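Fold and geometry: a report
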Amino acid sequence: AQSVTQLGSHVSVSEGALVLLRCNYSSSVPPYLFWYVQYPNQGLQLLLKYTTGATLVKGINGFEAEFKKSETSFHLTKPSAHMSDAAEYFCAVSPNDYKLSFGAGTTVTVRA
Amino acid sequence: DAGVTQSPTHLIKTRGQQVTLRCSPKSGHDTVSWYQQALGQGPQFIFQYYEEEERQRGNFPDRFSGHQFPNYSSELNVNALLLGDSALYLCASSADVEQYFGPGTRLTVT
């Protein structure tokens, strides 16, 4: 079985500051890992994904994440927050191309 | 290229009623998954359809059923609605490991 833990349900950052969202997973097999973003009253948009290969993954809107197998982590970062980054972020894990198991989400607010 | 589309956008039903939600996948995608997202929570996997068959199912009761048509579009049916079924229902389509989500259908059960 797979599960995802997102540390911190709310994160508040100043505009221009580093954004760091933490995600730890448990999986019985090497998983595929994803970060999605959800804006109010909208569906989920894929930010980035890790399947195989390079452990540092770059995504859209300046986000990146690093897969650390020894720590079972897949933390999301962005060097400089923008007001438009205010949204809910979900980490997800999949053992194959079937179901996604999501974390509870982290709400990001950006202070001017 | 249209992405994943879902209908209706919003729906209000009464306890005990039945509801059907619809999803059209992104062009070129043959797999459709359904998720339930309760307020303030992450999406929960309901089931996935591939080649008109249910390929995998999450921990949802039999009141939740689905169908996939030859054109890969899909329906989610929920019978005997409960207040706890109020949620955003998300459809996702895929051709490989990456799932693309629609905007969702907001179901309110009163």
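All figures in this text were calculated on a predicted structure; none of them were measured in a lab. (Residues numbered from 1 in each chain as written. Chains lettered and ligands numbered in written order. Predicted model: local features only at pLDDT ≥ 70, side-chain atom pairs only at ≥ 80, totals over all residues. Heavy atoms only, no water.)

Attention now moves to the overall build of chain B. For chain B, the count of helices and strands is zero helices and 11 strands. A compact globule built from 110 residues should have a C-alpha radius of gyration of about 13 Å, and chain B, at 13 Å, falls within 12% of that. With 110 residues in all, chain B has 48% of them scored as buried. Here chain B contributes 8 positively and 11 negatively charged side chains, and the mean placements of these two sets differ by 13 Å. (Helix = DSSP H or I, 4+ residues; strand = E, 2+ residues; numbered from the N terminus. Rg over C-alpha atoms; globule rule 2.2 N^0.38 Å. Buried < 20%, exposed > 50% of the residue type's maximum accessible area, 1.4 Å probe, protein only. Lys, Arg positive; Asp, Glu negative; His and termini not counted. Charge placed at Lys NZ, Arg CZ, Asp CG, Glu CD.)

Another point: the overall build of chain A. Each helix and strand in chain A was counted, giving zero helices and 11 strands. Against the compact-globule benchmark of 13 Å for 112 residues, chain A has a radius of gyration of 13 Å, which places it among compact chains. Expressed as lengths along the three principal axes of its C-alpha atoms, the size of chain A is roughly 40 × 30 × 20 Å. Expressed as a percentage of the 112 residues in chain A, the buried residues total 43%. The contacts of chain A with a sequence gap of at least 6 include a subset with a gap of at least 24, amounting to 55%. About 5300 Å² of surface is accessible on chain A, with carbon and sulfur atoms providing 53% of the total. Averaging the positions of the 8 positive and the 7 negative side-chain charges in chain A gives two centres separated by 4 Å. (Contact = heavy atoms within 4.5 Å. Areas by Shrake-Rupley, 256 points an atom, 1.4 Å probe, with all protein chains shown as cover.)

Here we come to the nonpolar core. Of all hydrophobic cores here, the largest spans 26 residues; its most connected members are Leu21(A), Trp35(A), Leu47(A), Leu48(A), Phe74(A), Leu76(A) and Tyr89(A). Listing elements by their share of this core, those giving two or more residues are strand 2 (10-14), strand 3 (19-26), strand 4 (32-38), strand 5 (44-50), strand 7 (64-68), strand 8 (73-78), strand 9 (87-94) and strand 11 (106-111) of chain A. What Leu76(A) contacts, discounting residues up to four positions off in sequence, is Val19(A), Leu20(A), Leu21(A), Trp35(A), Leu47(A), Leu48(A), Phe63(A), Glu64(A), Ala65(A) and Tyr89(A). With 20 residues, the next largest nonpolar core counts Leu21(B), Ile46(B), Leu81(B) and Tyr89(B) among its residues. (Core = buried A, V, L, I, M, F, W, Y, C linked by side-chain atoms within 4.5 Å.)

Our focus in this paragraph is the interface of chain B and chain A. Contacts between the two partners involve 19 residues from chain B and, on the opposite side, 19 residues from chain A. Note on chain B versus chain A: buried area summed over both sides is about 1600 Å², and carbon and sulfur give 57% of it. Sorting the residues of chain B by area buried against chain A places Val97(B), Glu98(B) and Phe101(B) first, and these three jointly supply 31% of that buried surface. Counting across the chain B and chain A interface gives one salt bridge. Close ionic contact of Glu98(B) with Lys49(A) constitutes a salt bridge, the shortest N to O distance being 2.7 Å. Elements with a contribution of two residues or more to the side of chain B that touches chain A: strand 4 (31-37), strand 5 (44-50), strand 6 (53-57), strand 9 (87-94) and strand 10 (99-101) of chain B. The class makeup of the residues in the side of chain B that touches chain A is eight nonpolar, eight polar and three charged. (Buried area = accessible area lost by both parts, 1.4 Å probe. Salt bridge = Lys/Arg side-chain N within 4 Å of Asp/Glu carboxyl O. Nonpolar A, V, L, I, M, F, W, Y, C, P; charged D, E, K, R; others polar.)

All names here are of chain B. By the secondary structure assignment, Gly58 is in the loop between strand 6 and strand 7 (64-68). Classification of Gly58 as buried rests on a relative accessible area of 16%. Sequence separation of Gly58 and Gly40 is 18 residues, and the distance between their C-alpha atoms is 20 Å. In contact with Gly58, other than residues within four places in its own chain, are Phe45 and Ile46.

Attention shifts here to the pattern of salt bridges. Considering all chains together, one arrives at six salt bridges over all chains under this definition. A salt bridge links Lys78(A) to Asp85(A); the shortest N-O distance between them is 2.8 Å. Residue classification places Lys78(A) among the buried positions, given a relative accessible area of 10%. By relative accessible area, which is 4% here, Asp85(A) ends up buried. Between Arg63(B) and Asp85(B) there is a salt bridge, and its shortest N-O distance comes to 2.9 Å. Note that Arg63(B) is positioned in the loop between strand 6 and strand 7 and Asp85(B) in the loop between strand 8 (74-78) and strand 9, a separation of 22 residues in sequence. Assessed through its relative accessible area of 19%, Arg63(B) is described here as buried.

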